[in-house]
Every structure is written in C-alpha cells, then in structure tokens.
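# Summary of structural features
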Amino acid sequence: MKHYLLYVFVLLTAALLNAQDNALHIPKSSSYVVTIRPLHNGEQNSAESISRLEMFGSNTDYGEDISVFGSSSLDESPRTRLTNYLTGTLSNPKISGIDSTRNIYAFHEEDDTSSYWAYIFPITNEQTFSTYIKANLFTADAHVSNDHGYHSVTRDRITAGWASNYAIVLLADYYHPLVATNWFEELNTQQNIADSIAAVEAVLEEYTEQSTLLSDSVKKERTAELERENARLLDELNKGEFPEDTSLLYTQSVIEEPSPWNVQNRQNDTLHDTQSFYILNRLMNLEESSSIYSNKNFRSLQSEKFEAAYWYNYGLVMQEAYRKRMENNFSYAYMYGGQEKETLDTMLFPTMWEDSYIAGLVTFNDTVTTMEHRISVGEEMSQLTTGMYKGKVDRKMLRYVKSDNLMALVCLSVDMEKFMKFGGHVYKENLKYSGMGMFEQTYLAMWDILRVFIDDKTMYNILDGKFVFAVTDLKPVVSTYVSYEYDSDFNRQEVTKEKTDIVPEFIFMAGVGRKKDMENIIGILERTGILKKVNDNVYVPVNASNPNSQMYIVFQKGMLMFTNNEDLMNNHLNKGYSGNQRMTRKTRKMARRSPLMAWWDGRRTFNTMHKITKDEKGEPAEKSELEKSVTSGLILGKKGRKGVHRVEVSVTMPPDEDNKHNSLNRFFHLLNGLFLIMR
Amino acid sequence: MEDITIHNNGSGEFFYTVNLSQSKANLDILMQDDSSEGYRIPSRQEIDADIVRTKLTLEKQPGITAVVTTTDWVNYIFTLRFKFNTIQQLNAAVESVSAEFAIDHKSIPEASGNFAFAGKTFNRRSNYNAIMEREKLTPKDKEILSKASYSCIYRFDQAVGNSSNPKSKISSNGKSVMTRFNMLNLATGAETIVHTIQLK
C-alpha cells in the first residue's frame, strides 16, 4: 500500500511538472528543438560578447541571408531589434522579466505553407516582460491585443504572445501556393494582376474563416488595409500607369511606387500577419497530445542532465527533404511537359530513417565543453547498424603518421559487410527519391550484374574496415594566374600574378583484406592509364590536377595509402616514422580507444596558418572568432543501448580569463564556432 | 567582362572575356566531376562544342561580322569578339545565341534588349531580377560570387558627358567609361549593371 501511494505521488508530481513545462507549447511535428537550461544564479552573460558573434548575421560578409534562429526573413531594422532583444533578455533576466530557473526553448516547424522558428520564454513578471518586449522588440506604434486571454502583437514579421508565466516569439516565413505566382513573368497583363488580388482575398477569407483568433479590431484593420491596397491598385490600373517596358521595372529607381511589386509585398505582409496569428494561437492553446511531449524520445531527453541540448527529428527532416527534392523535380518535369505536379500530392515518403532522432546534450566544465551526441534509430536502421562499429585500427598504420605538426587524426574501424550494406541502403533510398525513378531499376540492375563477377565475400573483404586519416601539416603552394591591368584610356594589359594557397599535407590509409584482388584492381587502373607506376608499390595518378602538390598511392604491407607527404615517400616509406617523429604514446592510445575517433588540434592549425599568412603579409593575421572559441576537439564513439549510437564530442575552449562568461555565453560561443566551421 | 565600342553611327565591336584563371587549380579538380554544389559541370568537349555553336549562330546573324572565339584551357580564359552594324543587331545577335541554346535549357532569358543607343545616349539595361534570383543563392554560391568581379567598358567616338552610375570612371581621353562590380552585389541586387551614359 505504501509503495502504491508513493507510485501515485510520483505519477502526480510528474504530471504536474509536465503540465508546467513550456515544452507543451511545442508541436509534435517540430523538426528541431533547442533547450537551454536555467542560467546559473548570480552569473551574468555578456550581451555584447554574444551579439558580436558571426552567427547572428549582422556582422558577417553575407549576413543578410544567413538563417540563424529564423532571422533571415526579417528586414535589417527588425533583425537588429531581435538580436538586441535576445541578447539583452538572455544576459539580464531580471530586467526582461524572464524566469532564470526554467527551460528556454527554440524550435522549428515547417509545412506546405509556412516555415517558422519560435522561442518560448518562461516569465516571472508579466508586467516587466510586457514593458521590456514592447520597448525593445517592437516599434512604438505596434498594437498589443488582449482579446484571446493572452497578449499578442505582430509587427515587421515578428509575432509575440504572452500569458502570465510564458511567452512565445514567432518568426515565420509565409508561402501560399495561391499567391506564389511568378509576377516577374506575368507582370504585363492586367487580368493576371486582378486574378492575384482575387487569390489574395480568397486566402485571407480562408484563414479568417478557419479561426476565430483575429480580434475584431485587428480584422477591421487588416480588411481596411486590404481594401485600401485594392482600391489603389485598381485606380493605378485604370489610369494605365504601369510602364509598358517592363525591363525598366527591375531598376531600383523605377521599382519604387507605383508598381505591382510593392502591392504584392504589402498583400504578402497582410497574409503573413494573419497566418502568424493563426500559428501563435495554435501554439498558445496546444493540447498535450499534439505537443512534442507526446514524443517519447524527446520526453526521455528532457529528464537527463545537461545545460543545453538540441534535438531533431531526423525521420521527419529526411521525409521533408525527399518531398522537396521530388517537388523540384516534378516542377521541372511539368515545365517541360512531363508528369504533372499534382501527382506529388498523392506520393508518400516513408524512409528508413523513420523514428530516428538526433540529440546533443551539452555540459560545461571549466574550459571543456562536452556534447554527447546521440543517434537513436528506428527498427529498420537498428538492424542495419547494430555492430557496424567494432574493433580498433592496427598499430602499424599509426607508424606512418608524421607527428611533429599533427593537426587532425581520424580513426575508424568497422564491419565492412554491415558498413557496405548500410551504405547500399542509403544509396538506394536516395536514388528512389532523386527524381530518377525510371532509372532506379537500371542502376540496381548494374549492381546485380557486378555481383555476377564479384561474389559477396570479395566485395565485403577487399578492404578490412580499418581506416586512418591524418592532416600532418599545412604547406604554402604558390601558383600563378592571368589578370588584367588598364591604362588611363582603359586599354587592357595582360599580367601574370602570384597567389599563395594553403594545402594540407595528409595521409589516408585503408587496411586491405584481399591482397590479390587489390593487386588486380591496381593493375587494371595502371593498364587503363589512370595510374602510373613510379617505384615498387608506388603509383601516381596520371593527369594530376595540382602539379605543386603531388599525390602518391602506395600499396604495401596490407595497406593502401594515399598521401602527398614527400618526407614520408622519400625517407620513411619502409618502416614508418620512429623516435620523436612518431606519434606519442598518449596519442596512439587515444587513436585506439574506440572504433570511431576524431581529434583536431585547433591551436596548432591556427598557429601554422598564421605562420604561412605572416610570411605572405609580413605581419601576424588577426585571430578569428573560431580561434578564440575553440582550442581543440575530440570525438569518440561510445557504447549505447540497442538502437542508440552515442558519440561524445569534447571541445576545449580557451580559458575564461576574466571569469565573466557563464555556461550560456559559452554555449553561444561554441555554436558560433561550429557555425564558422560549417560556413 | 564586356568591352563594347560604339561608333557615332551605331556600329561597333563587342568583346567579351571570361577569365577564370585565378580558380584554375580548383577548376582542374572540378572538371573531373559531373556536378558540384548541386550544379551540373559540363565537360570540356561540351563547352568547346557550345563555343563553336555560338560562333556559327552569330555568323548567321544579319549585321554581325568578324566573329572570333578563343579558348585557353590552361588558364581557363574564354573570349568572344565580333563586329555589329547597329545596336539593334547586337541585341538580336545576343538573343539569337540564347534562343539557339533553348533546346538544351541553357538559354538566358535575361539576355534580351540589354543595349540601347539613340542620339547621344547609351543605355545598359538588364532583365535580371535580383529580388527573385537572390533567394536561390546558397551561402556557398555567395562566397564564390563575392570573390568574382564583372567589368564593363564602353568606348565611344565622342567625349562622355556623364554616367548615371557613380562607380563609373571616365578615361583620360574622355571617350571611355569603365565600371567594375562585385558579382555578389550584382547577384543580390546591391548593385545594378543598369546605367545611362550621356555623350557630350
């Protein structure tokens, strides 16, 4: 009885905690969710430091279009306000009214007509929050409505709603097939413009009928706005004020009013606001069964220890990616008289990634940030991938890695049969949804024919599944190019200029399982003129692309090597490196700690790059943001329960000398570092 | 880069250069593949054939003479040069090349009515719609375009009064106008190739 009561108590407590969690406002069809755990008491973030990060866009070379947390669809002014609001809110919860003891969420959802990012903030003081958001995120003329049991406001494509203990900020990109006509092509015909007005009205009506979310005042405002636009457009049409030469419309001077572009933009703004309210209202009133809390994988992640986490529904993301790819192909086919686009609506996109999720749990400890990356796979993928990573790389492979300036090392040990079958499944599915449907069977038949000549055993055992890749140095390579100079009358002179590129010195090794078969393959490549033998077991590719960086292919001692390391080729090919030039015991041990290991020495990489650029410019280059954020990184495969692959990513950051940055600040710097690597 | 000479009677010479020399090492590698970053990479043979096709198409156009093409596969420099009798024939010639390649889906609809010359006014127009096209550019596309430039040189018999583009420079003899653009700026609409040159 005592245990029973305890059980009921635990259940009730869990249910109440769930009910209080703002994740209940995240739809279950969300593809990405980022969770940030409570800020440390007494710690202050540095808003200025965060707002300067490249990933926030305003200070990047191509900033205006970089999509971070949905800000790419905003104009410059609201984007700046959003950045300032987010950094201000996160750095000083007391002023912004945010509850620093509860989770903050950012998530993304996408469907046929919209794509949006939203933030959910826990609130301690509604009045403080209301004052702060109105003053910092919106302009003074923004109208705050309180018609649906919560406050709501939309302006400049930013929509916010807040109740007594939480707030949602929404950034949506709007798309509706009815109004997505190509105005560029149809600009000249007045009938088309009139049709588009009708389409816009129909969409507005559709949304208005679907929901009762619009307050009367907002409805009135929107209707009046639309009527004004329509009246204005019709007036312009009647006066025949559209320029006959449409090419003039593309110039900046003429694109100003009056022009259908501007009319379309204003109509889209109206539609955008309407739809944003629709989404906001849905999120504010979401039922638990429709929320992300109904997803077991997400729920179990939330019960774990972390300071920040990201989660994404990989199955959903892949389905969406396939759908988009097929949509593009169908559009293309439709344009050239192929299959009709409507057929796409009837297609289903089941994928092998169904029920697959990727999550990262981030924790901070002094200068080391650890991210446990988890890939949970569904039943189909589980059968394919269980036992795929196994064993360790051979010690002899590590002897050929020069260590005096080693920057990166990747070691992989896999079951080749499982690895290739997994690769084959991914390839087959990609082929299926590549728009090459009619060729799919042909491709697969080619593979089947290949298997007549090569039996399964040979195919799976040519390589033994041990792979090592290392970047052992960076080398400056000077090349010339042709450019032009002009005299004062713009007569052209051809000149030859020099430029310095940085080329990595690398080695890639693969263990060979079937020596005889590999010799045959190399023999075929040599006979067909693809490879040229230069020494015993040493080959070079014919027509090498870069004469300044010769690549060598070596087949010896059960290993196939690809390298551009001249020192290795000239002096150490027989036995590999020894003594001080060999990798340290510690590094060798690390290389064999798990079937999957990747390590990168950021400090050494940047120092070497600086030496090269310094030689060229004569002065040390300025440190990049990435260099300031990351010192080194280590990725290790870990054992997980059935259906879960775990990879631990540890990033060492430079010491926080003034001890001002808390975990959230560090997290943003880490994200920024990753963003820079991807860019 | 486009280098166009326009005489008082509307005849002139069109000289177009594509210089990819600075990227030749990358191109050597790329040319071994079928596609990159979602774009199809044509083979050297295909490009050579298209250049010949362009030359043959232009030679058939009324008012177009002395068509010369050059290819430098070591430095990846390609040029096209021809003479035209009138600006209208220049426009028609460019459009004919676009139409010739329509069947292969390689046509450029924007290459239409790009040049106008009447009285003492020369117009460089553009049908490129940056507002729509920039949405299609990936960050990688932008990175590549940001390192590329596009130059326009227009040469006249008479002295130039002014150019509507503030970036334009007038030569020391006063008869030529040169404007250099960053390709990313052109692609995103931050700059426009459209400008009017007024002769004295």
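Residues numbered from 1 in each chain as written. Chains lettered and ligands numbered in written order. Predicted model: local features only at pLDDT ≥ 70, side-chain atom pairs only at ≥ 80, totals over all residues.

Here we take up the overall build of chain A. For chain A, the count of helices and strands is 23 helices and 19 strands. Scored against the burial criterion, the 679 residues of chain A give a buried share of 29%. Residue pairs in contact within chain A that sit at least 24 positions apart in sequence constitute 72% of those at least 6 positions apart. (Helix = DSSP H or I, 4+ residues; strand = E, 2+ residues; numbered from the N terminus. Buried ≥ 20, exposed ≤ 12 C-beta atoms within 10 Å, placed from the backbone. Contact = placed C-beta atoms within 7 Å.)

Of the regular secondary structure elements, chain B holds 6 helices and 13 strands. A separation of at least 24 residues holds for 58% of the contacts in chain B among residues at least 6 apart in sequence.

Residue and element names in this part refer to chain A. Across chain A, the average pLDDT comes to 74, with 63% of residues at 70 or higher. Summarising per-element confidence for chain A, the mean pLDDT is lowest in helix H9 (residues 252-255) (30) and highest in strand E16 (residues 559-563) (95). Scored below 50 in pLDDT, residues 40-45 makes 10 contacts in the model with residues more than four places away or belonging to other chains. Low pLDDT, under 50, characterises residues 334-339; the stretch is placed with 5 contacts to residues that sit more than four places away or in other chains. (pLDDT = per-residue confidence, 0-100.)

Right, let's get into the nonpolar core. Within soluble globular proteins, side chains that are nonpolar generally end up buried alongside one another. All names here are of chain A. The biggest cluster of nonpolar side chains holds 60 residues, and the ones touching the most others in it are Tyr 105 and Ala 118. Element by element, the count of residues in this core is highest for strand E6 (residues 166-174), at 7 residues. Both of domain 1 (2-177 + 279-294) and domain 2 (316-386 + 596-605 + 623-679) provide at least three residues apiece to this core. Setting aside residues up to four positions removed in sequence, Ala 118 forms contacts with Phe 107, Ile 168, Val 169, Leu 170 and Leu 283. With 31 residues, the next largest nonpolar core counts Met 397, Leu 463, Val 554 and Met 561 among its residues. (Core = buried A, V, L, I, M, F, W, Y, C linked by C-beta atoms within 7 Å. Domains from an automatic or database assignment.)

Time to look at the sheet that holds strand E1 (residues 2-6) of chain B. Residues and elements named next belong to chain B. Taken in spatial order, the 7 strands line up as E5-E6-E2-E1-E9-E12-E11 in an open sheet, and their pairing is mixed. The two strands at the open ends of the sheet, each matched to only one other strand, are strand E5 (64-72) and strand E11 (169-170). For E11 and strand E12 (residues 176-182), the ladder comprises 2 bridges, and the chain directions are antiparallel. Bridge pairing in E12 places Ile 170 opposite Val 177. Helix H2 (residues 44-59) contacts E5 and strand E6 (77-84) of the sheet and is inclined by roughly 170° relative to E5. (Pairing = 2+ DSSP bridges. Axes fitted to C-alpha atoms, helices over the stretch in contact; angles between N-to-C directions.)

As a further point, take the sheet that holds strand E7 (residues 115-118) of chain B. Residues and elements named next belong to chain B. Taken together, 4 strands build an open sheet; the order of strands is E7-E8-E13-E10 and the sheet is antiparallel. One side of each edge strand has no neighbouring strand; the edge strands of this open sheet are E7 and strand E10 (160-163). Neighbour to neighbour, the strand axes of the sheet diverge by 15° on average, direction disregarded. Of the pairings in the sheet, the one linking strand E8 (residues 121-124) to strand E13 (residues 195-199) comprises 4 bridges and is antiparallel in character.

Successive side chains on a regular strand alternate, one facing one side of the sheet and the next facing the other. All names here are of chain A. Here strand E3 (residues 114-122) lies mainly inside the structure; 7 of its 9 residues are buried. Both strand E2 (residues 104-110) and E3 contribute to a ladder of 6 bridges, which runs antiparallel. Looking at the pairing, Glu 109 lines up with Tyr 116 of E3.

Turning our attention to the confidence of the model for chain B. The share of residues in chain B with pLDDT of 70 or more is 97%, and the mean pLDDT across the chain is 88. Here the prediction assigns the complex a pTM of 0.67, and the interface score ipTM is 0.87.

Glancing now at unusual backbone geometry. Residue and element names in this part refer to chain A. Its identity is not glycine, yet Asp 156 carries a phi of approximately 50°, on the positive side. C-beta crowding within 10 Å serves as the criterion here: with 18 such atoms nearby, Asp 156 is assigned to the partly exposed category. In this model, Asn 537 sits at a positive phi of 65°, which is unusual for a non-glycine residue. Tracing the backbone through its elements, the reader meets Asn 537 in the loop between strand E13 (531-535) and strand E14 (538-541).

With 3 bridges connecting them, E10(B) and E13(B) associate as antiparallel partners. Among the inter-strand pairings, Val160(B) is bridged to a residue of E13(B), identified as Leu199(B).

Turning our eyes to something else, we now look at helix H18 (residues 515-527) of chain A. The first and last C-alpha atoms of H18(A) sit 18 Å apart over 13 residues, in line with the 18 Å expected at 1.5 Å per residue. Of the residues trailing H18(A), Gly529(A) is marked for its positive phi of about 80°. (Expected span 1.5 Å × (residues − 1).)

Moving on to the environment of Ala23(A). Looking at the element boundaries, Ala23(A) is found in the loop between helix H1 (2-20) and strand E1 (32-36). Contact partners of Ala23(A), with chain neighbours within four places excluded, come to Tyr105(A), Ser291(A), Ile292(A), Tyr293(A) and Gln302(A).

All names here are of chain B. Two elements in contact, H2 and helix H3 (residues 87-100), have axes whose closest approach is 9 Å; the angle formed by their N-to-C orientations is 130°. As far as their axial angle goes, H3 and H2 are oblique. You can see that H2 and H3 cross each other, and the crossing is right-handed. For the pair H2 and H3, the contacting residues are Arg 53, Thr 54, Thr 57 and Leu 58 in the first and Ala 93, Ser 96, Val 97 and Glu 100 in the second. (Parallel < 35°, antiparallel > 145°, perpendicular 65-115°, else oblique. Left-handed = near helix turned anticlockwise from the far one by under 90°.)

Moving on, we get to the environment of Ala172(A). All names here are of chain A. Along the polypeptide, Ala 172 turns up in strand E6. Owing to 25 C-beta atoms within 10 Å, Ala 172 belongs among the buried residues under this scheme. On a C-alpha basis, the gap between Ala 172 and Ser 114 in space is 6.8 Å, while along the polypeptide they are 58 residues apart. The contact partners of Ala 172, leaving out residues within four places of it in the chain, are Ser 114, Tyr 116, His 272, Gln 275, Ser 276 and Ile 279.

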